[in-house]
Amino acid sequence: MKGHFVISLDYEIHWGVFDKKTVDEYRENLENVGKVIDRLLEMSDKYNVKITFSTVGFLFAEDKTDLFKYIPENKPTYLIEKFSPYPLLESIGNNEKEDPFHYALSRIKQIKANGNHEIGTHTFCHFYCHEHGQTVEQFDDDLKSAINIAKPLDIDIKSIVFPRNMIEANKLIDRPYLDVCHKHGIGSFRGKEKAYIYNIHTTKFYHGWYLFKMLRLLDAYISVTGSNTYKVEVINKDKKVYNLPSSRLLRAYSSKLKFLEPLKVRRIKKAMTHAAKHKEMFHLWWHPHNFGTQIDENFKNLEQIFKTYKKLNETYGFESETMTGLAKKIKASQQE
Ligand SMILES: [Zn+2]
């Protein structure tokens, strides 16, 4: 197999941060998500780059009545209640026009109409698999809703990104969640980077181990953990749901650390080149709302990355793929 460039975006608008911030506290970023999607589609057309939009199921609803049709009876029973978005449904608007922070049907249709990209799931309600109190049965019902709400749009959900990356491919405790994915025809997920600083177990440490946060920040600019690229056909031998681990989070442009921006982009380009030369996968991800402020600066960075992709495509046959596109290639390579 050749090297591959995969991009997955956690498309969620307010549903990705509802437990941390109100709409007003994050308004500018959230307000511009539509604009960001437009520019992403435009730029990915220009460089022929494919994107997997891992989309929260709530965003597919036409209006509140439509949304309520898909809500599972068996909702997550988190011990910490603020993790459940369901109480918030009382106060959201009725449809995308009234409330573009909680609905995105027209955008989803626009992405689908483009034809080049994949729409995957980020679960129905931004489900947290590592939070205490929820069960695998509740996850099963949530995933069913995520799949069903996409059906009227003729969207077949085939890949998943777990909210807050709460999945560990090799931990026994997470296996039932992947079995549920397999049962519903999900062929791939985005796992965490192989490097240890990204792999601390989320229930224990997620809510604040600052040393690891600092190391991750440093790793964005200089190589602490190497390229984090993968021979996906090897790591997924005999696996039912393929793990397409993250290589790097594309952090938002930082005015405070402006002088370090070139280093950040250079680090990504180097890892992509490594992947292209060694026939590995480089998997980049972020949230569209990360680009919601300083949009031009963020797209300038992204364009440099896309230009590098184009060069690597011409030189080494490095290919852009959606998660499901790559999963199909892995499957074919294993049947040879
Ligand atoms: Zn999310």
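Note that this is a predicted model, so its numbers are computed, not measured.

(A) Representation of the overall build of the protein in the model. From N to C terminus, the protein includes twelve helices and nine strands. In terms of overall dimensions, the protein is globule-like: its C-alpha atoms have a radius of gyration of 19 Å, near the 20 Å expected for 336 residues. Split into buried and exposed, the 336 residues of the protein put 43% on the buried side. For the protein, the share of sequence-separated contacts (at least 6 apart) that also reach a separation of at least 24 residues comes to 82%.

(B) Structural context of the nonpolar core. Counting residues in hydrophobic clusters, the biggest one holds 76 residues, and the most contacted among them are Phe58, Leu59, Cys181, Met272, Met281 and Leu326. At six residues, the largest contribution of residues to this core is made by helix α5 (residues 136-150). Those residues in contact with cysteine 181, other than ones at most four positions away along the chain, are Ile160, Ile186, Phe189 and Val241.

(C) Spatial organisation of the pairing of strand β1 (residues 4-11). Counting buried positions over the eight residues of β1 gives eight, a clear majority of the element. Neither face of β1 is exposed, since His4, Val6, Ser8 and Asp10 on one face and Phe5, Ile7, Leu9 and Tyr11 on the opposite face are all buried. Bridge count between β1 and strand β8 (residues 281-286): six bridges; the pairing is parallel. In the sheet register, isoleucine 7 faces β8, and the bridge partner there is leucine 284.

(D) Molecular detail of the environment of leucine 59. By the element assignment, leucine 59 lies in the loop between β2 (52-55) and α3 (64-70). Under the C-beta neighbour-count criterion, leucine 59 is labelled buried, with 23 such atoms within 10 Å. Beyond its immediate sequence surroundings of up to four residues, leucine 59 is in contact with Ile13, Trp15, Tyr103, Ala104 and Ile108.

(E) Region of the structure containing helix α10 (residues 261-277). Across its 17 residues, α10 extends 25 Å between first and last C-alpha, which sits within 8% of the 24 Å expected from 1.5 Å per residue. Those residues of α10 lying buried are Ile268, Ala271, Met272, Thr273, Ala275 and Ala276. Among the structural elements, β1, β7 (248-249), β8 and α11 (295-316) are those in contact with the buried residues of α10. The first or second residue beyond α10 is lysine 279, which carries a positive phi of 55°.

(F) Structural context of helix α4 (residues 105-114). Within the span of α4, buried status applies to Arg107, Ile108 and Ile111. One face of α4 carries all of its buried residues, which in axial projection span an arc of 100°. Elements that come into contact with the buried residues of α4 comprise α2 (33-47), β2 and β3 (118-121). The first or second residue beyond α4 is glycine 115, which carries a positive phi of 85°.

(G) Spatial organisation of the pairing of β3. Taking every second residue as pointing to the same face, both faces of β3 are buried, with Glu118 and Gly120 on one and Ile119 and Thr121 on the other. Relative to β3, β2 is paired through four bridges, and the arrangement is parallel. When the sheet's bridge partners are listed, threonine 55 is paired in β3 with threonine 121.

(H) Broad picture of unusual backbone geometry. Unlike most non-glycine residues, isoleucine 13 shows phi in positive territory, near 50°. By the secondary structure assignment, isoleucine 13 is in the loop between β1 and α1 (27-31). Look at glutamine 294: it is not a glycine, yet its phi comes out positive at around 45°. Following the sequence through the fold, glutamine 294 ends up in the loop between β8 and α11.

(I) A look at the packing of α5 against helix α6 (residues 175-183). It is the contact of α5 with α6, at a shortest axis distance of 10 Å, that shows an interaxial angle of 25°. Judged on the interaxial angle alone, α6 and α5 are roughly parallel. α5 and α6 meet at a crossing whose hand is right-handed. In this structure, α5 uses Val136, Phe139, Asp140 and Leu143 to contact α6, whose residues at the interface are Pro176, Tyr177 and Val180. Of the residues belonging to the contact of α5 with α6, the class tally is six nonpolar, no polar and one charged.

(J) Quick look at the environment of leucine 67. Along the chain, leucine 67 turns up in helix α3. We classify leucine 67 as buried; it has 23 C-beta atoms within 10 Å. Each C-alpha atom of the pair leucine 67 and glycine 57 lies 9.1 Å from the other, and the pair is ten residues apart in sequence. For leucine 67, the contacting residues outside a window of four places in its chain are Phe58 and Ala61.

Rules and cut-offs
Counting from 1, residues in each chain are numbered in the order their sequence is written. Totals for whole chains, interfaces and linings use all residues, but because this is a predicted model, local features are given only for residues with pLDDT of at least 70 and pairs of side-chain atoms are given and counted only at 80 or more. Numbering goes from the N terminus for both helices and strands, where a helix is a DSSP run of H or I of at least four residues and a strand is a run of E of at least two. The atom set for the radius of gyration is the C-alpha atoms, and the globule formula is 2.2 Å times the number of residues raised to the power 0.38. Here a residue counts as buried when 20 or more other C-beta atoms sit within 10 Å of its C-beta, as exposed when there are 12 or fewer, and as partly exposed otherwise, the C-beta atoms being derived from the backbone. Distance between backbone-placed C-beta atoms decides contact: two residues are in contact if it is within 7 Å. We define the nonpolar core as any set of buried residues of the types Ala, Val, Leu, Ile, Met, Phe, Trp, Tyr and Cys, connected via C-beta atoms lying within 7 Å of each other. Strands are treated as partners if at least two bridges between them are detected by DSSP. Multiply 1.5 Å by the residue count of a helix minus one, and that product is the helix's expected span. Each C-beta atom gives one direction from the helix axis, and the arc is the one those directions make. Axes here mean lines fitted to C-alpha atoms, for a helix over just the part in contact, with angles spanning 0 to 180 degrees between N-to-C directions. Comment on the angle field: the value is read as roughly parallel under 35 degrees, roughly antiparallel over 145, roughly perpendicular from 65 to 115, and oblique elsewhere. Helix crossings fall into two classes, left-handed where the near helix is turned counterclockwise from the far one by less than a right angle and right-handed where it is turned clockwise. Side-chain classes are defined by residue name, with Ala, Val, Leu, Ile, Met, Phe, Trp, Tyr, Cys and Pro counting as nonpolar, Asp, Glu, Lys and Arg as charged, and the others, Gly among them, as polar.

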